Amino acid sequence: MQRGLEKTRTGFFQNIVNTLTNAEIDDDLYNELEEQLILADVGPACAVRLVDELRDEVQEKHLKTGQEALDALRALICREITPRYPLELDGKPAVVLVIGVNGVGKTTTIAKLAALYKNRGRRVMLAAGDTFRAAASEQLELWANRAEVPLVQAGQGADPAAVIFDAVKSATAKGYDMVIADTAGRLHNKKGLMDELAKISRSVKKASPEASLEVLLVLDAITGQNAISQAEEFVKAAGATGVVLTKLDGTPKGGCVISVWENLGLPIRFIGVGEQIDDLMEFDAESFVQSLLPGLPERDPQTKEETL
């Protein structure tokens, strides 16, 4: 996580650390902090609320120093991004439906999820439910081979619900623990999306009444707040249960993580911090905040005083 968040940590969030640890607590500090949070892509509404909550915390606990304020901010952010409920993966099998627009890293995320759970001892099967884009099934097949997991697929234009039904039925018969399914990465009309995903959900339960279902929305962290605002209608239509944020290693901002719950009402479940198959991590709020806002500011080697 330290490596994957290096751009974010040494960018805008390092400025936040420096702002807090090198200043007195006053109105100028709050204004500066609010500005830095917005620049870090936290989003205006979330930034204002966090600073207001920090101001209340400072007053209630009689905090005096910037370092104490930084500690309080860490706790506030950690509370904001900690999932409110656990991931449901106890079904027989556990089915994970992955949704999101094309280009966000949906296919690679599916493969990385497969590798992650396979390494934890689960037997994983993939389902190529994006039957509208010919390349999607081919890409997933390549990744399935890399992850060394079986893939259920059908021809272009096949019914996605039927493909996922077959995968769940096969997984149940063969004793697999998980099915991770791709879906169409297109933003069609809201009713069409709702109908399609409702049909897929029914097909999962029909294939295995004991199956559990999670619907993970993949978002691109590089596009940040834009990705979140574009996802709002998509989320309402799709019935998503969690978020995967990809490409966090590629942005100096990364603050969009903090506003996901406020904007989408969904917990972050996984973060992508690189291009390798093992560069997907289960999201841990406390570790993330400690990586994002390190305890001490980094000092410029040119200005650092030498000690004898």
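As shown above, the structure is provided for reference.
We now turn to the structure provided with this report. (Residues numbered from 1 in each chain as written. Predicted model: local features only at pLDDT ≥ 70, side-chain atom pairs only at ≥ 80, totals over all residues. Heavy atoms only, no water.)

## Structural notes on the environment of glycine 43
Put simply, the rule is: Note on conventions: DSSP H or I runs of at least 4 residues are helices, E runs of at least 2 residues are strands, and numbering of each starts at the N terminus. Buried residues are those whose accessible area, probed at 1.4 Å on protein chains only, stays under 20% of the maximum for their type, while exposed residues exceed 50% and partly exposed ones sit between those limits. Residue contacts are counted whenever heavy atoms from the two residues lie within 4.5 Å of one another.
Note on placement: glycine 43 falls in the loop between α3 (27–39) and α4 (44–61). Overall, glycine 43 belongs to the buried group, its relative accessible area being 8%. Spatially, the C-alpha atoms of glycine 43 and valine 260 are 9.8 Å apart, while their sequence positions differ by 217 residues. Non-local contacts of glycine 43, meaning those with residues more than four positions away in its chain, are made with Leu37, Ile38 and Gln225.

## Considering the side chain of glutamine 225
Under the convention used in this document: Here a polar contact means two N or O atoms within 3.5 Å. Within protein one must be a hydrogen donor candidate and the other an acceptor candidate, and residues neighboring in sequence count only if both atoms are side-chain atoms.
Following the sequence through the fold, glutamine 225 ends up in helix α10 (residues 224–238). Within polar-contact distance, the side chain of glutamine 225 engages the backbone oxygen of valine 42 at 3.1 Å. At a separation of 2.7 Å, a polar atom in the side chain of glutamine 225 contacts the side chain of serine 259. Among residues more than four places away in sequence, those in contact with glutamine 225 are Asp41, Val42, Gly43, Cys256, Ser259 and Asn263.

## Some points on the layout of surface pockets
Using the following cut-off: Both site types are read off a 1 Å grid over the protein atoms alone. A 1.4 Å probe that fits but cannot get out defines a cavity, while an open set with protein on both sides within 12 Å along at least five of seven lines defines a pocket; lining residues have an atom within 4 Å of a point. Grid points are joined across faces, edges and corners, and a volume is the space filled by probe spheres set on the points. As a working rule, the residues Ala, Val, Leu, Ile, Met, Phe, Trp, Tyr, Cys and Pro are called nonpolar, Asp, Glu, Lys and Arg charged, and the rest polar, with Gly in that last group.
The calculated volume of the largest pocket comes to roughly 200 Å³. Together, 13 residues line the largest pocket, and Thr108, Lys112, Lys247, Gly274 and Glu275 are the ones closest to its centre. Along the lines of polarity and charge, the residues of the lining of the largest pocket split into 3 nonpolar, 6 polar and 4 charged. Of the volumes computed, that of the second largest pocket is approximately 160 Å³. As for the second largest pocket, its lining consists of 14 residues, and the residues nearest its centre are Val101, Val104, Leu219, Ala227 and Gln230. Going through the elements one at a time, β5 (212–220) and α10 are the ones with two or more residues in the lining of the second largest pocket. Per-element tally for the lining of the second largest pocket: the top contributor is α10, with 5 residues. In terms of residue class, the lining of the second largest pocket is built from 9 nonpolar, 4 polar and 1 charged.

## Concerning the side chain of aspartate 182
You can see aspartate 182 is positioned in strand β4 (residues 178–182). A relative accessible area of 1% means that aspartate 182 is categorised as buried. A distance of 2.6 Å separates polar atoms of two side chains, one belonging to aspartate 182 and the other to lysine 106. Discounting residues that sit within four places of it in the chain, aspartate 182 has contacts with Val98, Lys106, Thr107, Ile110, Ala127, Ala128, Gly129, Asp130, Ala136, Leu140 and Ile164.

## Quick word on the packing of α4 against helix α5 (residues 66–81)
Our working definition: The axes are straight lines fitted to the C-alpha atoms, using for helices just the contacting stretch, and the angles between their N-to-C directions are given from 0 to 180°. Every angle not falling under 35 degrees, over 145, or within 65 to 115 is termed oblique; those three ranges are roughly parallel, roughly antiparallel and roughly perpendicular. Each crossing gets its handedness from the near helix: less than a right angle anticlockwise from the far helix is left-handed, clockwise is right-handed.
At a closest axis distance of 10 Å, the pairing of α4 and α5 adopts a crossing angle of 130°. Judged by the inter-axis angle, α4 sits oblique to α5. Where α4 crosses over α5, the handedness of that crossing is right-handed. Contact residues: Arg49, Leu50, Glu53, Leu54 and Glu57 in α4; Ala69, Ala72, Leu73, Leu76, Ile77, Arg79 and Glu80 in α5.

## A closer look at the nonpolar core
Put simply, the rule is: Throughout, nonpolar core names a set of buried Ala, Val, Leu, Ile, Met, Phe, Trp, Tyr and Cys residues whose side chains join them through atoms within 4.5 Å.
Membership of the largest hydrophobic core comes to 76 residues, with the highest contact counts inside it found for Leu245, Leu264 and Phe288. Ignoring sequence-local partners within four residues, the contact set of leucine 264 consists of Leu217, Leu219, Ile228, Ala231, Glu232, Val235 and Val243. Core analysis: the second largest hydrophobic core is formed by 24 residues, Tyr117, Ala147, Ile180 and Val244 among them.

## Thoughts on empty space enclosed by the protein
Evaluated as defined, the whole model comprises 1 cavity of 30 Å³ or more. Forming the walls of the largest cavity are Glu80, Ile81, Thr82, Pro83, Arg84, Val257, Ile258, Val260, Trp261, Leu266, Pro267 and Ile268. Going through the elements one at a time, α5 and α11 (256–264) are the ones with two or more residues in the lining of the largest cavity. Sorting elements by how many residues they give to the lining of the largest cavity places α11 first, with 4 residues. Residues of the lining of the largest cavity, tallied by class, amount to 9 nonpolar, 1 polar and 2 charged.

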